[in-house]
Each structure stands twice: as C-alpha cells, then as structure tokens.
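Summary of structural features
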Amino acid sequence: MSATFTPHVAFSNNPIWRKSNSITTTNCKHSTNSFVTRATSSENEKKIKKKKKKVVIQNEDQKVQEQEPIQEKEQQLQSSSVSVIKRLDDVNPVGLGRRSRQVFDEVWRKFSGLGQISRTIRSDDESNFLIREGGPMCEFAIPGAQNTTVLVVGATSRVGRIVVRKLMLRGYTVKALVRKAEPEVVDMLPRSVELVTGDVGDPSNLKNAVQGCNKIIYCATARSSITGDLIRVDHQGVYNLTKALQDYNNKLAQQRAGKSSKSKLLIAKFKSEDSLNGWEVRQGTYFQDVVVSKYDGGMDAKFEFTESGEAVFSGYVFTRGGYVDLSRKLSLPLGYTLDRYEGLVFSVGGNGRSYVVILEAGPSADTTQSKLYFARISTKAGFCRVRVPFSSFRPVKPDDPPLDPFLVHTLTIRFEPRRQRPIEGPTGMNQDLRSFQLIMEYIKALPTGQETDFVLVSCTGSGIEPTRREQVLRAKRAGEDSLRRSGLGYTIIRPGPLMEEPGGQRALIFDQGNRISQGISCADVADICVKALHDSTARNKSFDVCYEYVAEPGKELYELVAHLPDKANNYLTPALSVLEKNT
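Since this is a predicted model, take the numbers as computed values, not measurements. (Residues numbered from 1 in each chain as written. Predicted model: local features only at pLDDT ≥ 70, side-chain atom pairs only at ≥ 80, totals over all residues. Heavy atoms only, no water.)

Details of the side chain of Ser458
How we decide: Strands here mean DSSP runs of E at least two residues long; helices mean DSSP runs of H or I at least four residues long; both are numbered from the N terminus. Polar contact criterion, stated in full: a pair of N or O atoms within 3.5 Å, where within protein one must be able to donate a hydrogen and the other to accept it, and residues adjacent in sequence count only if both atoms are side-chain atoms. Residue contacts are counted whenever heavy atoms from the two residues lie within 4.5 Å of one another.
Mapped onto the secondary structure, Ser458 falls in the loop between strand 17 (454–457) and helix 12 (466–484). At 2.7 Å, the side chain of Ser458 and the side chain of Glu480 are in polar contact. Contacts of Ser458, omitting those with residues within four sequence positions, involve Lys476, Arg477, Glu480, Ile492, Ile493, Arg494 and Pro495.

Structural data, given as structure tokens:
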C-alpha cells in the first residue's frame, strides 16, 4: 500500500528548523565550557607535580612539614576533579559518533564504570559520585527501563555499538548476540553486557539468546554480497529471531495457563476441502439501467479446492459496475473478540488484482442493524501477505460511527473490475483486468499493543554499489516481510548512507516511498532505535530517514521534522504520526 502524505513542509520558512539551529549552538557552548574545565584541572595537576619535585627532604620532621601543604593541594585537586565529574551533565556522549568519541576519550573512561554497576564497586571509585549524586544516569534513565531486557543483534556493527551504550545509559539490561566471543569483540562492548554466542542463521542457538528478553534491536547485516550470506543474515536471520521470540512468549504464556498476547488469532485456514464450508459466493451490480441490461457481458465466480491442494477464488466480471463477493460469518473461539486485535492479515496468491475487504458489524441477533465498513487492499503476482489494520476501515455510509471490532460478525472479500490497474509483467503482454484469481492460504487477526517488540535497521539502497544493490535490497525486503507477518509489533528503519559524525546536530527527514538519497550519522540512527522502543506511533511502521536537504524543484513534497538535540525531547511522535501504518 502506498503511503499518503498530507502535510508538506518547506525549508525556507520553517520556524521549527530555526529553533533547531539555535538549540544546537547552545549545546556546543556547553561542550566548550566542559573542555575548558578539564584543561584547567590538567594544568593545575602539572603545576603541583612540579612543586613536588622541588621538595628536598632532609629529615623526618622536615618531611612532614613539607608534605602537609602538598596533601592539602591534592585534596583540593581531588574535590576539583569530583566537580568536573558532576559537570559531565553538560556533555552528552550519547549522540556522538566515532570521531567524537576519540575526542571524548577521557569522558568515556569515566562512563565505562557505569558498565560495572552490577558488579562490585570500590568505595574509592569516582563513578560512585555519578550514581549517588544524580549524575547522567539519572538524567538519561527511562521509566520502566530497569525491567526491560533488550537483545541487540549486531552489537559490534557501526550502529549496534552506539545502540548498546545508549541503552545502558538509560538503564536497560542489555544482551548482545555475537558469533564469536573473541577478545577483540569483548573489548568493543561494556563489561556488564551479557554476551551470547550464536549465529542468526542457526535457529537452534537462538533460544538461549532470547531467554529473558522483552525486545530486540536487529542491527546485523551481511559482511559480503554473496547471496548465501545475504539470505542467511538479512532474511533468514530476521525470521529466526522473530520465531524464537514468539516461541519464548508462548512458553511464558503457557506457564501462566494462558495464551501469549503477541500471538495471532486464526480466523480461517484453507488446508482442505472442508475448510471451504460456510463460505458463500455472491454477485451483484452497483447500479441498474437499460445500458447494463442490454450490454451485460455476464459474471461468473467460484470458490473451490483444487487438486494441487489450494483454495482458489476465481472468475470474471464483464458487467459494467458489477462485482463478486466471497463472504462468511465469523466463528471465533469462545472468549475471543476482535477488539483485542488491531487488524487482519491475509496470506494470498494469484494474479495481482486489488480487492475490497468488507466487515459487517452490529448485533448478531439482529442483522438489520448492522453497518458496513470497507478497506481496499492490493496483492501482487505470486504469494504475498497483506496487513489491514482496523483503523483503515471506513464506513460505507459517512454518517455511521467508526468501526468497533467487537461487533464484527461477517467478513467479505469483493472483486470489482472498475478499479483494476495493470501489474508489472512482460512487455507487450495483454492483461484482462476483468478476470481474477485469488489463492487463499489463511486469514488471521493481528494482536494489539502499544509498543514495538522488534526494531529492524534495514536500508534504502542509496550508497550501495550498483552491481550488488539489487541483491542486497531483495534480501532486506524479504527480512522486512517476514517481520511484518510475524505478529510482533515492529519498527523498520531504513536509513540513508551511514556517516561517521556526531548526532543530534541536524534536522531529520522521515519519509515513505523510497525517495530519499542523503546520508545520516550512525549516532542518529541508534537514537531512533532506542526512542522507538516505547513510542506508540512507531509501532508497525516502516519509514526512511536521512538528514535534511534541499530538494530539487518540484520534488519538495516530503515530511520534515526538526530534530531538537534535547535528551527529553521525543521527536519521533510528531514525525511518525503523519506516516502510514503497516506499510
């Protein structure tokens, strides 16, 4: 489904963008002050060392007299160092890229002590001051983070390393899935991160990885353009992780004598001829006139179970304004209602026609009070899975209230030739848009939820060598599709070419439609991953993101949101609220 972009923001007269520039400048001033403070303390330390060298100790009495003023100055220096540590509030290392972390090497050394909070902490460790006296740990902490365990896949990648540190600074428990626990790998991650060895292409060793985890951030990518590696990491790896997390959720639910809230509800599965019972094929027209009756070409449709083991809804509609329906009354398990779910997913195949899904809602005892709601879906040649959120259904009569999934009792799939469009195919191939074929595999209800369970870092294809771009994108899109149909709440981030520069300095563009080509820093991508974990607007959305740029004339139509570099500001909510769900 294509996204609909309602608001369009220009650059030249955007007051939010001007505000972003001013805030960025202010942050730079704070950072400069911190450098001056550290440089001053270093100079004081050098002066004291020089004075210590000039002390000549002649006897024990003189030694005590000479060392007393030195000890006083050392105490002053120590208190000065503690004040410098408290001043770390003014330095935000979370949004820094690789080059900036080299500049802030000393600052990161102080923060590395945070990775040992779960272990023994020495009383003389300066990191105690950071924790006890409300330092950066309190400033970055997110409510509920202490009870959330996040598995980071690809923790040693360019984005993954920053994601790990951002999660730790916010109080999350972090597990990292690595292929080999080699010394160079261990040294790249904080010591309190729990390392789990395993390969995303091997489902057998992923059970231990997802044990105790609530959410997953997938930053892994194939290191080569070999088709086997691309499929193993970018496609099969995503599928294996989603299945492992679903199995773990179901296991927890069974221990509670219940069913996982993240599991899909099976409405219909077409695996035998008996599964077609209850489905009814109907036909009709939207209007009747003399022309229709005179030039009626006829309609024909059937729903049958073929010898190849497929349930096929097929036929043709030559009548102007005609349509055919495949309809059935829903029969849900006892105690289940659709208001506990957020939409439907259809696993179908065929010749790529578009259809209308119609839900009839109202009192089941009195169908005369029922109201109709519809949503249009598109399929592609071959098999595909189509998600239809309940929020996309519109009433047939504009005066009717919005759809209440609790009252839905009948499901209808309608084919009408008047809205069909030719699909991509061999050049010169004639397509009869009045005929259709829909192979039905299953229909399920998608579980509802407020937060994302799985964050996937994909790519737009920009910046990849043309010779391998198609292979990479094919594997990436296959991984995205497997995540969408898993039933987990997902967020798919497609950044532009990754850059090594500090984050939080420039405005970001969030778009849908594969139209961006500019780059973005690894730090900003990592920040989006972390923010998406608890943002309800990010659930079940795929989007492209890059830095702000000046578009070509006539191509300025995209969504722009200013990334204000403020730790408490959640810029995802206004940016993603205008984008389409389940894309």
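Looking at the nonpolar core
Using the following cut-off: The set of buried Ala, Val, Leu, Ile, Met, Phe, Trp, Tyr and Cys residues whose side-chain atoms join them within 4.5 Å is what this entry labels a nonpolar core. Type-normalised accessible area, obtained with a 1.4 Å probe on protein chains alone, sets the label of each residue: buried when under 20%, exposed when over 50%, and partly exposed for intermediate values.
Counting 41 residues, the largest nonpolar core has Val163, Leu167, Ile217, Phe510 and Ile528 as the members making the most contacts within it. Of all the elements in the fold, those that place two or more residues in this core are strand 1 (149–153), helix 7 (158–169), strand 2 (173–178), strand 17, strand 20 (508–511), helix 13 (522–532), strand 22 (541–547) and helix 14 (572–576). Here the element with the most residues in this core is helix 13; it accounts for eight residues. Every residue in contact with Ile217, bar those within four places of it in the chain, is listed here: Val150, Leu151, Val152, Val153, Val163, Leu167, Val455, Cys529 and Leu533.

Notes on helix 10 (residues 227–255)
Under the convention used in this document: Every helix has an expected span of 1.5 Å times one less than the residues it contains. Working definition for bend: take the seven residues up to and ending at a residue and the seven starting at it, fit an axis to each, and measure the angle between the axes.
Across its 29 residues, helix 10 extends 40 Å between first and last C-alpha, which sits within 8% of the 42 Å expected from 1.5 Å per residue. At Gln236, helix 10 is bent by approximately 45°, the largest bend along its length.

Looking at the state of the cysteines
Worth spelling out the cut-off: The term disulfide is used for any two cysteine sulfur atoms that are within 2.5 Å.
Considering all chains together, one arrives at zero disulfides under this definition. Looking at the unpaired Cys219, the closest cysteine sulfur is the one in Cys529, lying at 5.2 Å. When its relative accessible area of 7% is taken as the criterion, Cys219 is described as buried.

Overview of the confidence of the model for the protein
Rules: Summary of the metric used: pLDDT quantifies the predictor's per-residue confidence within the range 0 to 100.
Within the protein, residue pLDDT values average 75, and 68% of them lie at 70 or more. For the protein, helix 5 (residues 127–132) is the element with the lowest average pLDDT, namely 34, and strand 17 is the one with the highest, namely 96. Low pLDDT, under 50, characterises residues 46–67; the predicted model gives this stretch nine contacts beyond four residues in sequence or across chains.

Some remarks on the packing of aromatic side chains
Short version of the rule: Ring pairs shown here join Phe, Tyr and Trp side chains whose ring centres sit within 6.5 Å, with only the six-membered ring taken for Trp; geometry is labelled stacked below 30 degrees between planes, edge-to-face above 60, and tilted in between.
The tally for this structure, following the rule as stated, stands at 13 aromatic pairs. Judged by centre distance (6.4 Å) and plane angle (90°), the ring pair of Phe303 and Phe313 falls under edge-to-face. With Phe303 in strand 7 (residues 299–305) and Phe313 in strand 8 (residues 311–317), this residue pair connects regions lying ten residues apart in the sequence. Summarising the burial analysis for this pair, Phe303 and Phe313 share the class buried.

A closer look at the packing of helix 7 against helix 13
Defined as follows: For every element, the axis is a line fit to its C-alpha atoms; helices are fit only across the contacting stretch, and the angle between N-to-C directions ranges from 0 to 180 degrees. Working rule for angles: under 35 degrees goes down as roughly parallel, over 145 as roughly antiparallel, 65 to 115 as roughly perpendicular, anything else as oblique. What makes a crossing left-handed is the near helix being turned counterclockwise from the far one by less than a right angle; a clockwise turn instead makes it right-handed. Lys, Arg, Asp and Glu make up the charged group, whereas Ala, Val, Leu, Ile, Met, Phe, Trp, Tyr, Cys and Pro make up the nonpolar group; the residues left over, Gly among them, are polar.
The N-to-C vectors of helix 7 and helix 13 enclose an angle of 50°; their axes lie 8 Å apart at closest approach. The orientation of helix 7 with respect to helix 13, classified from their angle, is oblique. Classified by chirality, the crossing of helix 13 by helix 7 is right-handed. Residues Arg158, Val159, Ile162, Val163, Lys166 and Leu167 of helix 7 touch helix 13, and the partners they reach there are Cys522, Ala523, Val525, Ala526, Asp527, Cys529 and Val530. Among the residues making up the contact of helix 7 with helix 13, the classes are represented as ten nonpolar, no polar and three charged.

Some words on the pattern of salt bridges
How we decide: Should a side-chain nitrogen of Lys or Arg be within 4 Å of a carboxyl oxygen of Asp or Glu, the pair is scored as a salt bridge.
Inspection of the entire model under this criterion finds 25 salt bridges. For Glu451, the salt bridge goes to Lys215, with nearest N and O atoms at 3.1 Å. Of the two residues, Glu451 sits in the loop between strand 16 (435–447) and strand 17 while Lys215 sits in strand 4 (residues 215–218), which places them 236 residues apart along the sequence. With relative accessibility at 31%, the residue Glu451 sits in the partly exposed group. Between Arg414 and Asp325 there is a salt bridge, and its shortest N-O distance comes to 2.7 Å. Remark: Asp325 occurs in strand 9 (residues 322–329) and Arg414 occurs in strand 15 (residues 408–415); sequence separation between them is 89 residues. Exposure class is identical for Arg414 and Asp325. Each is buried. By sharing partners, the salt bridges in this structure join Arg477, Glu480, Asp481, Arg484, Arg494 and Asp544 into a single network.

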